[in-house]
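Listed below, chain by chain, are the residues.
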Amino acid sequence: MDVVRRFNPQITQSNLESSSSNPEEALIGHKDVDKISARIEGVEAKWNRSARPMRPVRIGSRDAPVYLSAKGAGFPVHAYLDEQNILPLDPNEGDFIERRTGRDTWTDITTREGQAWVADYRMGKLTIFRLPGHGSLPVLRNYRERFVRLSYRLGVGGEYGTAGQTTLTSQLAQGSTTTIGVDDASRLPPSGGVMLVDGAEYVDVASVDHSADEITIRARGVRATSDADRASGSTVHYCPMDVREAVAAKAAEELVRFDDWTDELVDGGRAVQAERKLDDWESEWTNTIAQYSDNYGYQ
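These figures come from a predicted structure and were not determined experimentally.

Structural notes on the pairing of strand S7 (residues 125-128)
Inference 1: Sheet topology places strand S3 (residues 77-80) next to S7; four bridges connect them, and they run antiparallel. Across the sheet, Tyr80 pairs through a bridge with Lys125, a residue of S7.
Inference 2: Both strand S6 (residues 117-120) and S7 contribute to a ladder of four bridges, which runs antiparallel. What sits directly across from Asp120, in S7, is Lys125.
Inference 3: Between the end of S6 and the start of S7, which pair antiparallel, lie four residues, with Gly124 showing a positive phi angle near 75°.

In structure tokens, the structure reads:
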């Protein structure tokens, strides 16, 4: 919605939703929505490489895991991640940790947290214990330097500044302005603010209770989005509005430059000069990146 309104401030969520029930009345179609989503995803990736991520980011993968060296003369040993504020490792989310048990063999210890390993997620520190039957720490240096491999998610929120994300623990009914539970309220700012629920609806959150893991919603369907039922498990995402606007500006700029959306540009019902808009959007993007550039992104 933020991107679409860059082209036409008069568009509302209901205009977009009409594309399914009344295609002839829709201002943009489903293919356009998919194209916008792809542009936003690409721009968010650019943001993450330039400034502190505003959403959880996966580091490593099964095909390209992160390798860590073993620090210490004997068990238990420590391994240090390049980042702090790591989300708890969850195999259901695709996270994993494996330790070397031979020249070309690895043992998956993801589900053995507390027995085979522990983590200080805030500081990005792992402690790995000796596995029964696997002897002492390998002596060969190349084994020690690639002793653990893993994939994990870099978190947002909590004590680390400007963004946060959690999930609803129960359904949020259409029209309801209430106090509702979330999985981890500490990931959100206690003062509340405008947050995006289910990737589709902005809500105005009056307050966040970290101790009770609850948020109190003051208004639904703000910023021209639609108030609707939101299922348990839906994401609740917060980031500063200037960052959301900067991402929307950059995505809109790329739609014009690379997808030829020049004809969609209107301002108060009148066509506007594309280059002027593009310059404004690029300036908004670069200025916001500069504002947050002291919070380094991941590489």
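What to know about the pattern of salt bridges
Inference 1: The tally for this structure, following the rule as stated, stands at 19 salt bridges.
Inference 2: Across the salt bridge formed by Asp184 and Arg187, the nearest N and O atoms sit 3.8 Å from each other.
Inference 3: We classify Asp184 as partly exposed; its relative accessible area is 26%.
Inference 4: A salt bridge links Asp198 to Arg230; the nearest nitrogen and oxygen atoms lie 3.4 Å apart. Taken as a pair, Asp198 in the loop between strand S11 (193-197) and strand S12 (201-209) and Arg230 in the loop between strand S13 (214-222) and strand S14 (235-238) lie far apart in primary sequence, 32 residues in all.
Inference 5: The exposure class of Asp198 is partly exposed, given its relative accessible area of 37%.
Inference 6: On the basis of relative accessible area, Arg230 is assigned to the buried category, the value being 8%.

Some thoughts on the sheet that holds S6
Paired through their backbone hydrogen bonds, the strands of a sheet run either parallel or antiparallel.
Inference 1: The sheet built from three strands is open, its strands ordered S3-S7-S6 with antiparallel pairing. Two strands lie at the open edges of the sheet, namely S3 and S6, each paired on one side alone. Each adjacent strand pair in this sheet contributes to an overall mean axis angle of 20°, direction not counted.

Quick notes on the confidence of the model for the protein
The predicted structure's coordinates, where accompanied by low pLDDT, should not be read in detail.
Inference 1: Mean pLDDT over the protein works out to 83, with 81% of the residues at or above the 70 mark.
Inference 2: This model gives residues 23-27 a pLDDT under 50, and the stretch forms seven contacts once residues within four places in sequence are excluded.

Looking at the sheet that holds strand S9 (residues 164-167)
Inference 1: Ordered in space as S9-S14-S11-S12-S13-S10, the six strands form an open sheet in which the pairing is antiparallel. Of all strands in the sheet, those with a lone pairing partner are S9 and strand S10 (179-181), marking the two edges. Each adjacent strand pair in this sheet contributes to an overall mean axis angle of 40°, direction not counted.
Inference 2: Here S12 pairs with S13 via six bridges, running antiparallel.

A closer look at the nonpolar core
Inference 1: Among the nonpolar cores identified, the biggest contains 26 residues, and Val3, Phe7, Trp47, Met54, Val243, Trp281 and Trp285 are the most heavily contacted of them.
Inference 2: For this core, the elements supplying multiple residues, two or more each, are helix H1 (4-7), helix H3 (30-50), helix H5 (241-259) and helix H6 (274-292).
Inference 3: Considering each element in turn, this core owes the most residues, nine residues, to H5.
Inference 4: The contact partners of Val243, leaving out residues within four places of it in the chain, are Trp47, Met54, Thr288 and Tyr292.
Inference 5: Within the second largest apolar cluster, 23 residues are counted, among which are Val57, Leu68, Trp117 and Leu150.

What counts, and where the lines are drawn
Sequence order sets the numbering: in each chain, residues are counted from 1 along the sequence as written. Given that the model is predicted, a residue must reach a pLDDT of at least 70 before its local features are reported, and side-chain atom pairs must reach 80 or more before they are shown or counted; all residues, however, enter totals for whole chains, interfaces and linings. Remark: hydrogens and water are excluded; side-chain values derive from all non-hydrogen atoms of the structure. DSSP calls a pair of strands paired once it identifies at least 2 bridges connecting them. Put simply, DSSP marks the helices as runs of H or I at least four residues long and the strands as runs of E at least two long, and each gets a number from the N terminus on. When a carboxyl oxygen of Asp or Glu lies within 4 Å of a side-chain nitrogen of Lys or Arg, that pair is called a salt bridge. For the exposure calls, accessible area comes from a 1.4 Å probe over protein chains only, and a residue counts as buried if that area is under 20% of its type's maximum, exposed if over 50%, partly exposed in between. Angles run from 0 to 180 degrees between N-to-C directions of axes, and those axes are lines fitted to C-alpha atoms, restricted for helices to the stretch in contact. Per-residue confidence from the predictor is reported as pLDDT, which spans 0 to 100. The contact criterion used is simple: two residues touch if any of their non-hydrogen atoms lie within 4.5 Å. Only buried Ala, Val, Leu, Ile, Met, Phe, Trp, Tyr and Cys residues count toward a nonpolar core, and they belong to the same one when joined by side-chain atoms within 4.5 Å.

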